[in-house]
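Residue-level structure breakdown
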Amino acid sequence: LNALRLVVLSSAAAVATEAIFQKLRKKPITVWDGSALVTGMLLALNLPPGLPYWMAVVGAVVAIALGKQIYGGLGANPFNPALIGRVFLMITFTAPMTTWIDPVDGTTGATPLALMKMEGVSTDYVKLFFGNVGGCLGETSALLIIVGGLYLIYKGYVDWRIPASYLGTVAILSVLLGQDPIFHLLSGGLMLGAFFMATDMVTTPLSRLGKIIFGLGAGFLTVLIRIYGGYPEGVSFSILLMNAFTPLINRFTVPKIYGEVKAK
């Protein structure tokens, strides 16, 4: 029930914030396009289930106001709005954002990534695959995330190149650095980020080669942060950093129009 309330409140706050900002800017109200609703839902899926409700509302307001509307609205934002909201909450309310609930007995505890980083303790693959571990609402069950991601790819809503290059890079680098690749693939927000966050059409490259480069960069940064950084997780930061490189990637990978010449 707590998870459901977080999803509902985050989604409602995101939609309301978008409508208010568009009203203040004297722009047409376009909340019916569903983009703000998706942002609110994705933000909620990046939150721990025990987070105070008002913090989820604050995160949704920041996601829409500072992550989207301040740049001009849908299609103009350079960074993923939901991740802007999550990182804001992570930096501002660190303790509540890192308090996790065990799904079996309801007690608080560390996530599999934190256990591995701080204590060197691994978690059973089966628990990681089915979601019988603590974590954010939408990151625990690798099985359900894969099913949802494959459905999006099948319907043509996302390009397979980003999640494939992202996940592949994490697996290969984990092996090269002496880490367990299966553990890193199944734990944390990697699957959620690869299928649902890194594939955002507005903030990722346009070309096929650009998408592969984006995935490679995000995978490299994720492994770098997880193994050598201060945080046990690096998915949110890696995607936002690669969002910043998207214009540059587009510049060098988007093919020229046939017959195009440079102006003198």
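Residues numbered from 1 in each chain as written. Predicted model: local features only at pLDDT ≥ 70, side-chain atom pairs only at ≥ 80, totals over all residues. Heavy atoms only, no water.

1. Comments concerning the overall build of the chain
In terms of regular secondary structure, the chain is built from 13 helices and 2 strands. Summarising its shape, the C-alpha atoms of the chain cover approximately 65 × 45 × 35 Å along the three principal directions. Relative to its 264 residues, the chain shows a buried fraction of 46%. Taking contacts inside the chain between residues at least 6 apart in sequence as the whole, the part at least 24 apart equals 70%. With an accessible surface of roughly 13400 Å², the chain has 70% of that area assigned to carbon and sulfur atoms. (Helix = DSSP H or I, 4+ residues; strand = E, 2+ residues; numbered from the N terminus. Buried < 20%, exposed > 50% of the residue type's maximum accessible area, 1.4 Å probe, protein only. Contact = heavy atoms within 4.5 Å. Areas by Shrake-Rupley, 256 points an atom, 1.4 Å probe, with all protein chains shown as cover.)

2. Side note on the packing of helix α1 (residues 2-24) against helix α3 (residues 53-65)
Contact geometry for α1 and α3: axes closest at 8 Å, N-to-C directions at 35°. For the crossing formed where α1 meets α3, the hand is right-handed. The residues of α3 that touch α1, namely those facing Asn-2, Arg-5, Leu-6, Leu-9, Ser-10, Ala-13, Ala-14, Thr-17, Glu-18 and Phe-21, are Tyr-53, Ala-56, Val-57, Ala-60, Val-61, Ile-64 and Ala-65. The residue inventory of the contact of α1 with α3, partitioned by class, reads 12 nonpolar, 3 polar and 2 charged. (Axes fitted to C-alpha atoms, helices over the stretch in contact; angles between N-to-C directions. Left-handed = near helix turned anticlockwise from the far one by under 90°. Nonpolar A, V, L, I, M, F, W, Y, C, P; charged D, E, K, R; others polar.)

3. What to know about the packing of aromatic side chains
By the definition in use, this model includes 3 aromatic pairs. Centroid distance Trp-54 to Phe-93: 5.4 Å. Interplanar angle 80°. Geometry classified as edge-to-face. Highlighted residues: Trp-54 in helix α3 and Phe-93 in the loop between α4 (81-92) and α5 (94-97), separated in sequence by 39 residues. For Phe-93, a relative accessible area of 18% gives the class buried. Seen from their ring centres, Phe-129 and Phe-130 are 5.2 Å apart, and the 85° between their planes marks the pair as edge-to-face. With relative accessibility at 53%, the residue Phe-130 sits in the exposed group. (Phe/Tyr/Trp six-rings, centres within 6.5 Å; stacked < 30°, edge-to-face > 60°.)

4. A word on the environment of Val-104
The topology assignment puts Val-104 in the loop between β1 (100-101) and β2 (108-109). For Val-104, a relative accessible area of 62% puts it in the exposed group. Residues Val-104 and Asn-132 lie 28 residues apart in sequence; the distance between their C-alpha atoms is 7.4 Å.

5. Observations regarding the side chain of Ser-238
Considering the arrangement of structural elements, one finds Ser-238 in helix α13 (residues 235-253). Among residues more than four places away in sequence, those in contact with Ser-238 are Tyr-166, Ala-218, Leu-221, Thr-222 and Ile-225.

6. Quick notes on α3
A rise of 1.5 Å per residue sets the reference length of α3, with its 13 residues, at 18 Å; its end C-alpha atoms lie 18 Å apart and thus fit the reference within 8%. Taken as a whole, α3 has its buried residues at Met-55, Ala-56, Gly-59, Ala-60, Val-62, Ala-63, Ile-64 and Ala-65. Against α1, α2 (35-45), α4 and α5 lie the buried residues of α3. (Expected span 1.5 Å × (residues − 1).)

7. Describing the pattern of salt bridges
Applying the stated criterion across every chain, the model contains 3 salt bridges. Linking Glu-18 and Lys-68 is a salt bridge whose minimum nitrogen-to-oxygen distance equals 2.9 Å. Of the two residues, Glu-18 is situated in helix α1 and Lys-68 in the loop between α3 and α4; the sequence distance between them amounts to 50 residues. By the burial criterion, Glu-18 is buried, and Lys-68 matches it. (Salt bridge = Lys/Arg side-chain N within 4 Å of Asp/Glu carboxyl O.)

8. Examining the packing of helix α12 (residues 208-228) against α13
Where α12 contacts α13, the axes come no closer than 9 Å and their chain directions differ by 150°. What the angle tells us is that α12 and α13 run roughly antiparallel. In this structure, α12 meets α13 at a crossing whose hand is right-handed. Judged by residue contacts, Leu-209, Gly-210, Ile-213, Phe-214, Gly-217, Ala-218, Leu-221, Thr-222, Ile-225 and Arg-226 of α12 engage Val-235, Phe-237, Ser-238, Ile-239, Leu-241, Met-242, Asn-243, Thr-246, Ile-249 and Thr-253 from α13. (Parallel < 35°, antiparallel > 145°, perpendicular 65-115°, else oblique.)

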